[in-house]
Amino acid sequence: MNKNTVEEVISRFGSQQRVAELLGIWQTAVSGWVRRGAIPARRQEQLLTIAQREGVKLTPEDFFAVRPPQQGSEWLSTETGIQQTMHEGSNVIPMNSTANNDDAKPPSLGGKDLYEIGDIPPLGHVPKNMYAWAIRRERHGDPSTAMLQEVVPTPIPESDEVLVMVMAAGVNYNGVWASLGLPISPFDVHKAEYHIAGSDASGIVWAVGSRVKRWKVGDEVVIHCNQDDGDDEECNGGDPMNSPSQRIWGYETPDGSFAQFCAVQSRQLMPRPRHLTWEESGCYVLTHATAYRMLFGHSPHHLKPGNNVLVWGGAGGLGSMAIQIIAASGGNAIAVISEEDKRDFVESLGAKGVINRKDFDCWGQLPDVDDADGYRDYMKRVREFGKAIWAVTGKGNDVDIVFEHPGEATFPVSAFVVKRGGMVVICAGTTGYNLTLDARFMWMRQKRMQGSHFANLKQASMANDMVINRKVDPCMSEVFSWKDIPRAHEKMRKNEHKPGNMAVLVQAKRPGMRTLEEAQDS
């Protein structure tokens with residue numbers, strides 16, 4: 001089955017909307033079949049039953065019929081071809097394209113329909129199917145049971161998309177949340193049959209859409225996770241992160257990086273730092289670009305040389321990136337840790353000061369301000385924490401920026417310790433979403449509470465340049481094999497992971513590889 005076949009089947013019923021109505025599903029699910037070039041088996045059976053009832057001519061063979069190519073049509077192929085055609089006007093440009101040659105012949109069939117993990121197809125050959133770690137709605141729960149390896153259709157890139165063969169990927173909470181279905185199920189967002197998590201990746205461009213100009217087959221890339229439709233005012237002159245169509249790839253879309261191939265928008269690609277291994281390249285973009293936007297994306301509170309910044313979770317993926325950015329930019333990072341054995345790690349990244357939060361007892365929601373004794377005792381404990389900051393910055397010198405992501409447990413303290421006119425910038429709520437603060441400190445001292453979400457392409461690229469120029473290290477903590485992807489997410493869910501960013505191998509067979517040739521020869 002391919003995209004052409006799916007469109008032909010749908011046309012028998014009139015339209016995507018009509019098919020969705022007959023099946024009682026969202027139209028976006030039907031659109032997903034076209035994009036993926038496949039109709040789920042149970043939907044095929046339902047359509048055959050409905051066709052008989054509605055008097056529509058449809059047979060089981062129609063799900064596998066392939067139209068002969070029309071003159072001038074393009075084939076999804078490269079050096080060796082692929083065992084399926086694209087419809088006339090296809091969006092995919094093959095290597096050595098013959099699309100403009102009226103006498104052109106389809107490329108000879110070559111390669112296999114499915115490759116085992118770590119087996120590298122000939123450059124540009126796109127197999128019909130691929131392995132992926134899939135989540136399904138009925139399996140929501142712990143990652144160890146929600147994620148199962150499945151064989152699924154290889155995605156076909158649209159005109160502005162590229163197909164990337166994934167060499168390695170990063171592990172973050174998006175995969176944990178998608179597995180649990182909390183705080184919402186990703187299926188309530190994208191309506192797809194299955195969900196492939198993964199919002200970080202390094203890999204090789206394997207096919208490109210007809211409108212893609214900046215990238216070609218064989219390019220080595222890393223992928224950032226912001227997607228948008230590109231057609232509104234924010235995407236054209238504003239900030240794409242404020243676009244109504246903004247979404248996070250691999251969480252709000254069903255087609256992430258825990259698969260042999262992924263189709264992404266071409267504007268998600270950035271050059272891979274060639275001095276890094278595949279796994280190092282695959283684990284840092286989400287946390288690094290998020291941290292970069294938090295520190296440089298909210299004018300006028302840009303990080304400046306000499307600024308003091310309090311970094312919660314300094315040893316984690318976000319914190320380790322933030323500390324390095326601050327140090328490389330001439331600022332002073334004060335890292336908050338939860339265990340003494342993390343002190344050396346954050347100091348090695350450039351933290352000017354380190355505070356162990358377990359030495360203090362001022363965490364959780366703000367107490368009732370009408371409870372005079374309780375509130376007085378709470379503020380006394382908060383001021384003790386503030387004194388620990390002054391031990392680094394100097395007495396009376398509050399921090400210019402607070403780099404927030406724990407949320408509920410720390411936000412009231414963050415709002416208190418940031419300086420007059422300073423900014424608390426928050427990108428997550430790992431301890432809870434119910435944020436509290438004493439508003440008197442906010443308005444009377446004119447403090448800014450700023451939300452921040454991932455990064456746009458320019459910000460992600462500037463962050464990536466810091467890695468390419470070796471100003472920032474990916475801080476890769478652990479590397480997991482393909483089969484251990486669910487286990488890696490279990491470790492993150494239980495907070496048992498090591499400091500830094502976790503990586504998983506996909507098509508790279510072993511750690512330490514830096515080139516496609518190494519992967520092909522292994």
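Residues numbered from 1 in each chain as written. Predicted model: local features only at pLDDT ≥ 70, side-chain atom pairs only at ≥ 80, totals over all residues. Heavy atoms only, no water.

## Notes on the overall build of the chain
Part 1 of the argument: Helices and strands together make up the secondary structure of the chain, namely 17 helices and 19 strands.
Part 2 of the argument: In summary, the chain has a C-alpha radius of gyration of 25 Å against a globular reference of 24 Å for 522 residues, a match within 12%.
Part 3 of the argument: Structurally, the chain occupies a C-alpha span of about 80 × 50 × 45 Å along its principal axes.
Part 4 of the argument: Residues counted as buried form 57% of the 522 residues belonging to the chain. (Helix = DSSP H or I, 4+ residues; strand = E, 2+ residues; numbered from the N terminus. Rg over C-alpha atoms; globule rule 2.2 N^0.38 Å. Buried < 20%, exposed > 50% of the residue type's maximum accessible area, 1.4 Å probe, protein only.)

## Describing the sheet that holds strand β5 (residues 195-196)
Part 1 of the argument: If you walk across this open sheet you meet the three strands as β3-β2-β5, and the pairing is antiparallel. The sheet terminates laterally at β3 (147-153) and β5, the two strands that pair on one side only.
Part 2 of the argument: Bridge analysis of strand β2 (residues 129-135) against β5 gives two bridges, and the strand direction is antiparallel. Bridging across to β5, A134 finds its partner in I196. (Pairing = 2+ DSSP bridges.)

## Here we look at the packing of aromatic side chains
Part 1 of the argument: All told, the structure shown has eleven aromatic pairs when counted by the stated rule.
Part 2 of the argument: Relative to F261, the ring of W206 lies with its centre 6.4 Å away and its plane at 55°, an arrangement referred to as tilted. Of the two residues, W206 sits in strand β6 (residues 201-209) while F261 sits in strand β10 (residues 261-265), which places them 55 residues apart along the sequence.
Part 3 of the argument: Here F261 falls in the buried class, since its relative accessible area comes to 2%.
Part 4 of the argument: Taking 5.3 Å as the distance between ring centres and 85° as the angle between the ring planes, the aromatic pair formed by W363 and F385 counts as edge-to-face. Of the two residues, W363 sits in the loop between β14 (353-356) and α12 (372-393) while F385 sits in helix α12, which places them 22 residues apart along the sequence. (Phe/Tyr/Trp six-rings, centres within 6.5 Å; stacked < 30°, edge-to-face > 60°.)

## Brief notes about the packing of helix α2 (residues 16-23) against helix α4 (residues 41-54)
Part 1 of the argument: Packing of α2 against α4 leaves a shortest axis separation of 11 Å and a crossing angle of 95°. Our classification of the angle between α2 and α4 gives roughly perpendicular. Between α2 and α4, the contacting residues are R18, V19, L22 and L23 on the first element and R43, Q46, L47, I50, R53 and E54 on the second.
Part 2 of the argument: Class assignment of the residues belonging to the contact of α2 with α4 gives a composition of five nonpolar, one polar and four charged. (Axes fitted to C-alpha atoms, helices over the stretch in contact; angles between N-to-C directions. Parallel < 35°, antiparallel > 145°, perpendicular 65-115°, else oblique. Contact = heavy atoms within 4.5 Å. Nonpolar A, V, L, I, M, F, W, Y, C, P; charged D, E, K, R; others polar.)

## Regarding the pattern of salt bridges
Part 1 of the argument: Counted by the stated rule, this structure contains 32 salt bridges.
Part 2 of the argument: As a salt-bridge pair, K494 and E490 come within 3.9 Å of each other at their nearest N and O atoms.
Part 3 of the argument: With a relative accessible area of 46%, K494 lands in the partly exposed category.
Part 4 of the argument: Among the residues examined, E490 registers a relative accessible area of 9% and is labelled buried. (Salt bridge = Lys/Arg side-chain N within 4 Å of Asp/Glu carboxyl O.)

## A short note on the side chain of H298
Part 1 of the argument: Residue placement: H298 occurs in the loop between α9 (285-296) and β12 (308-311).
Part 2 of the argument: Discounting residues that sit within four places of it in the chain, H298 has contacts with R293, M423, V425, R448, Q450, G451 and S452.

## Side note on unusual backbone geometry
Part 1 of the argument: Looking along the chain, the bond that leaves L182 and enters P183 is cis, with omega of 0°.
Part 2 of the argument: Looking at the element boundaries, P183 is found in the loop between α6 (173-180) and α7 (187-190).
Part 3 of the argument: Residue P300 is reached from S299 by a cis peptide bond, and omega for that bond is 0°.
Part 4 of the argument: Here P300 lies in the loop between α9 and β12.
Part 5 of the argument: With a phi close to 50°, Q446 is a non-glycine residue in the positive phi region.
Part 6 of the argument: By the element assignment, Q446 lies in the loop between α14 (439-444) and β17 (448-451).
Part 7 of the argument: Residue classification places Q446 among the exposed positions, given a relative accessible area of 65%.
Part 8 of the argument: The residue R470 is not glycine, and still its phi comes out positive at about 65°.

## Some details on the side chain of S320
Part 1 of the argument: In this fold, S320 is placed in helix α10 (residues 317-328).
Part 2 of the argument: The contacts of S320, once residues within four sequence positions are left out, are G314, F345, L349, C475, G500 and N501.

## Section: the sheet that holds β17
Part 1 of the argument: Spatially, the six strands line up as an open sheet ordered β14-β13-β12-β15-β16-β17, and their pairing is parallel. The open sheet is flanked by β14 and β17, the only strands paired with a single partner. In this sheet, adjacent strand axes meet at a mean angle of 20° when their direction is disregarded.
Part 2 of the argument: By the bridge criterion, four bridges tie strand β13 (residues 332-337) to β14 in an arrangement that is parallel. Residue pairing across strands places I334 opposite G353, the latter belonging to β14.
Part 3 of the argument: With respect to the sheet, α10 is in contact with β12, β13 and β15 (399-404), its orientation differing from that of β12 by roughly 170°.
Part 4 of the argument: Each of β12, β13, β14 and β15 is contacted by α12, which is oriented at about 165° to β14, the strand it contacts most.

## Some points on the confidence of the model for the chain
Part 1 of the argument: Confidence along the chain averages 90 in pLDDT terms, with 90% of residues attaining 70 or more.
Part 2 of the argument: Segment residues 66-109: pLDDT under 50, and 94 contacts once partners within four positions in sequence are set aside and those in other chains are kept. (pLDDT = per-residue confidence, 0-100.)

## Describing the pairing of β10
Part 1 of the argument: Most of β10 is tucked away: five of the five residues are buried.
Part 2 of the argument: Of the strand pairs in this sheet, strand β4 (residues 161-171) and β10 are connected by five bridges, and their pairing is antiparallel. Bridge pairing links L163 to A263 in β10.

## Section: the nonpolar core
Part 1 of the argument: Grouped together as the largest cluster of nonpolar side chains are 102 residues, with contacts concentrated most on F258, L269 and F403.
Part 2 of the argument: Beyond its immediate stretch of four places on either side in the chain, F403 contacts A291, M294, L295, V309, L310, V311, W312, L318, A322 and V425.
Part 3 of the argument: Within the second largest apolar cluster, 25 residues are counted, among which are I355, Y375, V417 and V424. (Core = buried A, V, L, I, M, F, W, Y, C linked by side-chain atoms within 4.5 Å.)

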